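# Inside the fold
Given next are the chains, with one letter for each unit.
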Amino acid sequence: MSNQTLNIFILLFVSLSVPWFYILTQIVFDADSVWLTICAEHFLKGRAMAEYYFETNPPMSIMMYVPTALMSMAGISRHLAVNLYVIGMVVFSASLSIAYLRHWDVGRPLKILLVTGFIVGVTLCATFQMGQRDHFTAAALLPFVLAQLSITYKHPDSRTIRIITFALLCPFILVKPHYGIIPVGFLIHRFWRERRFSII
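Everything in this summary refers to the structure shown in the same document.

Cut-offs used in this document
- Residues numbered from 1 in each chain as written.
- Predicted model: local features only at pLDDT ≥ 70, side-chain atom pairs only at ≥ 80, totals over all residues.
- Heavy atoms only, no water.
- Helix = DSSP H or I, 4+ residues; strand = E, 2+ residues; numbered from the N terminus.
- Buried < 20%, exposed > 50% of the residue type's maximum accessible area, 1.4 Å probe, protein only.
- Contact = heavy atoms within 4.5 Å.
- Salt bridge = Lys/Arg side-chain N within 4 Å of Asp/Glu carboxyl O.
- Axes fitted to C-alpha atoms, helices over the stretch in contact; angles between N-to-C directions.
- Parallel < 35°, antiparallel > 145°, perpendicular 65-115°, else oblique.
- Left-handed = near helix turned anticlockwise from the far one by under 90°.
- Nonpolar A, V, L, I, M, F, W, Y, C, P; charged D, E, K, R; others polar.
- Patch = residues over 30% accessible without salt bridge, like charges linked within 9 Å, V, L, I, M, F, W, Y side chains within 5 Å.
- Areas by Shrake-Rupley, 256 points an atom, 1.4 Å probe, with all protein chains shown as cover.
- Expected span 1.5 Å × (residues − 1).
- Arc of directions from axis to C-beta.
- Phe/Tyr/Trp six-rings, centres within 6.5 Å; stacked < 30°, edge-to-face > 60°.

### Details of the overall build of the protein
Within the protein, the regular secondary structure consists of 10 helices and 0 strands. Along its sequence from the N terminus, the protein presents helices and strands in the succession α-α-α-α-α-α-α-α-α-α. The proportion of buried residues among the 200 residues of the protein is 42%. Across the protein, every contact between residues at least 6 apart in sequence was considered, and the portion connecting residues at least 24 apart equals 72%.

### A few points about the pattern of salt bridges
Going through the model one piece at a time under the given rule, you end up with 2 salt bridges. Between Arg-78 and Glu-41 there is a salt bridge, with its nearest N and O atoms 3.0 Å apart. With Arg-78 in helix α6 (residues 78–101) and Glu-41 in helix α2 (residues 31–44), this residue pair connects regions lying 37 residues apart in the sequence. Across the pair Asp-157 and Arg-162 runs a salt bridge whose closest N-O atoms are separated by 2.6 Å. Classification of Arg-162 by relative accessible area gives buried; the value is 10%.

### Here we look at the packing of α6 against helix α8 (residues 133–152)
Between two packed helices, both the angle of their axes relative to each other and the distance between the axes serve to describe the pair. Their axes nearest at 9 Å, the elements α6 and α8 cross at an angle of 15°. Taken together, the axis directions place α6 and α8 in an arrangement best described as roughly parallel. Crossing of α6 against α8: the hand is left-handed. Within the contact between the two elements, α6 uses Tyr-85, Val-86, Met-89, Ser-93, Leu-96, Ser-97, Tyr-100 and Leu-101 and α8 uses His-135, Phe-136, Ala-139, Ala-140, Leu-142, Pro-143, Leu-146, Ala-147 and Ser-150. Its residues placed into classes, the contact of α6 with α8 shows 13 nonpolar, 4 polar and no charged.

### Let's talk about a nonpolar patch on the surface
Residues Phe-43, Leu-44, Met-60, Met-63, Leu-70 and Met-73 make up a contiguous nonpolar surface patch of roughly 490 Å² in combined accessible area. Looking at the nonpolar patch, the elements that each hand over two or more residues are α2, α4 (59–63) and α5 (66–73). Mapped onto the fold, Leu-44 is located in helix α2. On the accessibility criterion, Leu-44 (33% relative accessible area) is partly exposed.

### Brief notes about the packing of α8 against helix α10 (residues 181–194)
Look at α8 against α10: their axes get within 10 Å of each other, and the N-to-C directions meet at 15°. The orientation of α8 relative to α10 falls into the category roughly parallel. In this structure, α8 crosses over α10, and the sense of that crossing is right-handed. On the side of α8, the interface is formed by Leu-141, Phe-144, Val-145, Gln-148, Leu-149, Ile-151 and Thr-152, while α10 contributes Ile-182, Pro-183, Phe-186, His-189, Arg-190, Arg-193 and Glu-194. Split by residue class, the contact of α8 with α10 holds 8 nonpolar, 3 polar and 3 charged.

### Describing α10
With 14 residues, α10 ought to run about 20 Å at 1.5 Å a step, and its terminal C-alpha atoms sit 20 Å apart, in line with that. Taken residue by residue, α10 has Pro-183, Phe-186, Arg-190 and Glu-194 as its buried positions. Looking straight down α10, one finds that the buried residues subtend no more than 60° of arc, so they occupy a single side. Structural note: α10 exposes Ile-181, Ile-188 and Trp-192 on the side pointing more than 90 degrees away from its buried face. Next to the buried residues of α10 lie α8 and α9 (159–173). Within two residues after α10, Arg-195 carries a phi angle of roughly 60°, on the positive side.

### Some thoughts on the packing of aromatic side chains
Following the criterion strictly, the structure yields 4 aromatic pairs and no others. Ring geometry for Tyr-85 against Phe-136: centres 4.5 Å apart, planes inclined by 35°, an arrangement best described as tilted. One end of the pair, Tyr-85, is in helix α6; the other, Phe-136, is in helix α8, with 51 residues separating them in the sequence. Neither Tyr-85 nor Phe-136 differs from the other in exposure class; each is buried.

Structure follows, in structure tokens:
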């Protein structure tokens, strides 16, 4: 892929982002994301679940929406808060992914295609899942996978970035118990390859 073709591809992607941002402002979010934001607000105010709200999902489902609850409590509408949260999550995950890919021995076009495909997948393709728990899990997945593979293949990336990745993104990966298969799979692969466990 020539630089000119690559630049055209990037320009096309940026152009597609404009309608996505517009569509994002028009979406009526599913009741789950708004309800979990309300639950998180009650949690932050120290209210007991048995008295003020009831949620059958694991507690991490509520903790995921603490950022939107904080924005809502600061006076931002819940709709806008979820929008900002989605955008922030996508930008954060894409930035972490780029940081990891800098140490991968693959061509620049492939790196750009990977990150661009990831962004398209969690934005333009998300549609009705926008702002849902599974949407945030998908947004956290690429940097989490790259971090795990970087440990296994001993890439010289920053240990600090790995700690940030696991500390902030693991809750999104483990929001549902069966999603624990993902990190367990990487640990088993690392143990099989190295005959020892290496966490970070």
